[in-house]
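An overview of the molecular structure
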Amino acid sequence: MKGVNKTIFLVPVLPVVLIMVWEIAAVYIDNRLFLPRVENILFILFHPFNKVLVAGSLLDNIVISITRVVMGFLMATLVAVPLGLFMGYFNYVEKIIDPLIEMVRPVPPLAWVPLFLSWVGVKSIADVLGLNNWNFVFSNLQLSMLLIIFVGSFFPILINTIHGVKTVKKSLIESAKTLGIKQRDLFLKVIFPAASPSLLTGFRIGMGIGWMCLVAAEMLPGSTSGIGYLIWYAHELMRTDVIMAGILIIGLVGLMFDQLFRFAEKKCFRWVNT
């Protein structure tokens, strides 16, 4: 317990040291375009409702970015998990699909950008579905961005799902079959729960990669909102303080996602390491 308490007190030490070094360097250089003062960045972070440049408030852009990544992540999950379950359980399915998966998987998600833009352009979900009453929500969900996030999140979830299914004990599956379990219930009540720890690892990695892909995608043509867009627009106006604030937000949101998955892992799967 004492060791844990000491660790808690030591956690903020490094960030505080980095902030002090940053502030000293900013004062010494005295060039806000190269290295802004910490107080200027903190002012932006602590006033999330204030309008930043002409791109709306910081909070608006954060909400839009998170909405995009969650939508793309859910799309990837809905496809990758069932496919991974079948590929992990049925060897013939894996033999058929795996060569294609391994051929496409090494392609960086951003390499698909020109193709996605040529397919769907800068259309949003609101444009496709005609959701004029929900324009504020869906007009910022560009299909090309969602597809980029989908590709980034899809493969980690798929690979970890396959791994999770293959690590389920054969004796557990055979026992369930002996008791006359139906095929659907075998997947839902035996294989899926047993493979869940591996799935959660895939979710954690997939969300992290999806978040990185999103920020890069928001700097592409057609984007008019989001943290990535805000950073790029600030670069054009030479507002380094906004750029640095955006970078910090990206790191903090990514940390938040990662901590949520770690918390779920500790709460739901304590039995894995026991």
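All of the points below concern the structure found in this document.

1. Examining the layout of surface pockets
Considering only enclosed or pocket space, the largest pocket measures out at about 360 Å³ in volume. Looking at the lining of the largest pocket, the elements that each hand over two or more residues are helix 2 (13-29), helix 3 (38-45) and helix 13 (240-268). Examining the composition of the lining of the largest pocket, we find that five residues originate from one element, helix 13, more than from any other. Of the residues belonging to the lining of the largest pocket, the class tally is twelve nonpolar, two polar and no charged.

2. Observations regarding the packing of helix 5 (residues 91-104) against helix 9 (residues 143-166)
One way to put it is that helix 5 packs onto helix 9 with a least axis distance of 12 Å and a crossing angle of 150°. By the angle between their axes, helix 5 is roughly antiparallel relative to helix 9. The interaxial crossing formed by helix 5 with helix 9 has left-handed handedness. Every residue of helix 9 that contacts helix 5 at Asn91, Glu94, Ile101, Glu102 and Val104 is listed here: Phe154, Phe155, Leu158, Ile159, Ile162 and Lys166. A class-by-class count of the residues in the contact of helix 5 with helix 9 yields seven nonpolar, one polar and three charged.

3. Here we look at helix 13
Its 29 residues give helix 13 an end-to-end C-alpha distance of 42 Å, which sits within 8% of 42 Å, the value for a rise of 1.5 Å per residue. The complete set of buried residues in helix 13 reads Thr240, Asp241, Val242, Ile243, Ala245, Gly246, Ile249, Ile250, Val253, Phe257 and Phe261. Packing partners of the buried residues in helix 13 comprise helix 3, helix 4 (58-89), helix 11 (183-217) and helix 12 (227-236).

4. Some thoughts on empty space enclosed by the protein
It is the rolling of a water-molecule-sized probe over the atoms that shows where space remains empty. Applying the stated criterion to the full structure yields one cavity of 30 Å³ or more. Taken as a whole, the largest cavity holds about 40 Å³ of empty space. Taken together, Leu117, Ser144, Met145, Ile148, Ala217, Leu220 and Pro221 form the lining of the largest cavity. No other element matches the three residues that helix 9 contributes to the lining of the largest cavity. Tallied by class, residues from the lining of the largest cavity come to six nonpolar, one polar and no charged.

5. Section: the packing of aromatic side chains
Scanning the entire structure with this criterion turns up 14 aromatic pairs. Summarising the aromatic geometry, the rings of Phe90 and Phe187 are spaced 6.0 Å apart at their centres and angled 40° between planes, so their arrangement reads as tilted. Of this pair, Phe90 sits in the loop between helix 4 and helix 5 while Phe187 sits in helix 11; the two residues are 97 residues apart in sequence, bridging distant segments of the chain. Ring plane angle 70° and centroid distance 5.9 Å describe the contact between Trp211 and Phe257, whose orientation is recorded as edge-to-face. On the criterion of sequence distance, the pair formed by Trp211 in helix 11 and Phe257 in helix 13 is long-range, its members being 46 residues apart. We classify Trp211 as buried; its relative accessible area is 4%. Residue Phe257 is classed as buried on the basis of its relative accessible area of 9%.

Conventions adopted
- Residue indices follow the written sequence of each chain, beginning from 1 at its first position.
- Under the rules for a predicted model, residues below a pLDDT of 70 receive no local features and side-chain atom pairs below 80 are neither given nor counted, while totals for whole chains, interfaces and linings still include all residues.
- Remark: hydrogens and water are excluded; side-chain values derive from all non-hydrogen atoms of the structure.
- The distinction between a cavity and a pocket rests on a 1 Å grid over the protein atoms alone: a 1.4 Å probe fits inside a cavity but cannot get out, while a pocket stays open yet meets protein on both sides within 12 Å along at least five of seven lines, and a residue with an atom within 4 Å of a point counts as lining.
- Grid points are joined across faces, edges and corners, and a volume is the space filled by probe spheres set on the points.
- Secondary structure follows DSSP: runs of H or I at least 4 residues long count as helices, runs of E at least 2 residues long count as strands, and numbering of each begins at the N terminus.
- Residue polarity is assigned by list, with Asp, Glu, Lys and Arg as charged and Ala, Val, Leu, Ile, Met, Phe, Trp, Tyr, Cys and Pro as nonpolar; anything else, Gly included, falls into the polar class.
- Axes here refer to lines fitted to C-alpha atoms; in helices the fit is confined to the stretch in contact. Angles between the N-to-C directions go from 0 to 180 degrees.
- Any angle between 65 and 115 degrees counts as roughly perpendicular, while under 35 counts as roughly parallel, over 145 as roughly antiparallel, and the rest as oblique.
- Crossings are sorted by hand: turned counterclockwise from the far helix by less than a right angle, the near helix makes the crossing left-handed, and turned clockwise it makes it right-handed.
- By definition, residues are in contact when any of their heavy atoms lie within 4.5 Å.
- The span one expects for a helix is its residue count, reduced by one, times 1.5 Å.
- We call a residue buried when its accessible area falls under 20% of the maximum for its residue type, exposed when it is over 50%, and partly exposed in between, using a 1.4 Å probe and counting protein chains only.
- Centres within 6.5 Å make a pair out of two Phe, Tyr or Trp rings, where for Trp the six-membered ring is used; the pair is then stacked when the planes are under 30 degrees apart, edge-to-face when over 60, and tilted otherwise.

Geometric values such as these leave the question of function open.
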